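Next come the chains, spelled out residue by residue.
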Amino acid sequence: VKPMTPRCTVPKAVPVGKTASLHCHENEGYPKSTYSWYRNSEPLSPDTKSNTKFQNSSYTLNPTTGTLVFHAVHKGDTGRYSCIATNDAGFAKCEEQEMEV
């Protein structure tokens, strides 16, 4: 079963240095969906250590739960965030939401 449009929760504004939690979830898809996050239409790597572009970002991305947590946000984390839920039957994307730091 193709995933439904996921419900995305993105904080509107977060002070520099604070923690920000972004959530993405849908429960119609079968098998269970995996989640990927995008900032300004660019995919966020689940592994920040191996990707030089994200080495100074301090976030953890859980593709199973759809949770993206920034441990200490900085100005560079400002942007439009969206999430895609994917399974064998297809994918669905939530609306982009702005997060300001």
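Residues numbered from 1 in each chain as written. Predicted model: local features only at pLDDT ≥ 70, side-chain atom pairs only at ≥ 80, totals over all residues. Heavy atoms only, no water.

*Asks:* Could you give an account of the overall build of the protein chain, with specific residues and numbers?
*Replies:* The helix and strand tally for the protein chain stands at zero helices and nine strands. For the protein chain, the succession of helices and strands along the chain, N to C, is β-β-β-β-β-β-β-β-β. Scaling as 2.2 N^0.38, a compact globule of 101 residues should have a C-alpha radius of gyration of about 13 Å, and the protein chain matches this with 13 Å. The principal-axis extent of the C-alpha atoms belonging to the protein chain is close to 40 × 30 × 20 Å. Counting all 101 residues of the protein chain, 39% fall into the buried class. Sequence-distant contacts, at least 24 apart, represent 60% of the contacts inside the protein chain between residues at least 6 apart. Element-wise, carbon and sulfur atoms account for 54% of the exposed surface of the protein chain, whose accessible area totals about 5800 Å². The centroid of the 11 positive side-chain charges in the protein chain is displaced by 4 Å from the centroid of its 10 negative side-chain charges. (Helix = DSSP H or I, 4+ residues; strand = E, 2+ residues; numbered from the N terminus. Rg over C-alpha atoms; globule rule 2.2 N^0.38 Å. Buried < 20%, exposed > 50% of the residue type's maximum accessible area, 1.4 Å probe, protein only. Contact = heavy atoms within 4.5 Å. Areas by Shrake-Rupley, 256 points an atom, 1.4 Å probe, with all protein chains shown as cover. Lys, Arg positive; Asp, Glu negative; His and termini not counted. Charge placed at Lys NZ, Arg CZ, Asp CG, Glu CD.)

*Asks:* Let's hear about the state of the cysteines: which residues, and what values?
*Replies:* Taken as a whole and assessed by the stated rule, the structure comprises two disulfides. Through a disulfide, Cys8 is tied to Cys94; the S-S separation comes to 2.0 Å. For the disulfide bridge between Cys8 and Cys94, the dihedral angle about the S-S bond is near -100 degrees, and by the sign convention the bridge is left-handed. Taken together, the residues Cys8 in strand 1 (residues 7–9) and Cys94 in the loop between strand 8 (90–93) and strand 9 (97–99) connect sequence positions 86 residues apart. What makes Cys94 buried here is its relative accessible area of 5%. Between the sulfur of Cys24 and that of Cys83 lies a disulfide, 1.9 Å long from S to S. Classification of the bridge connecting Cys24 and Cys83 rests on its S-S torsion, roughly -80 degrees, and on that basis the disulfide is left-handed. (Disulfide = S-S within 2.5 Å.)

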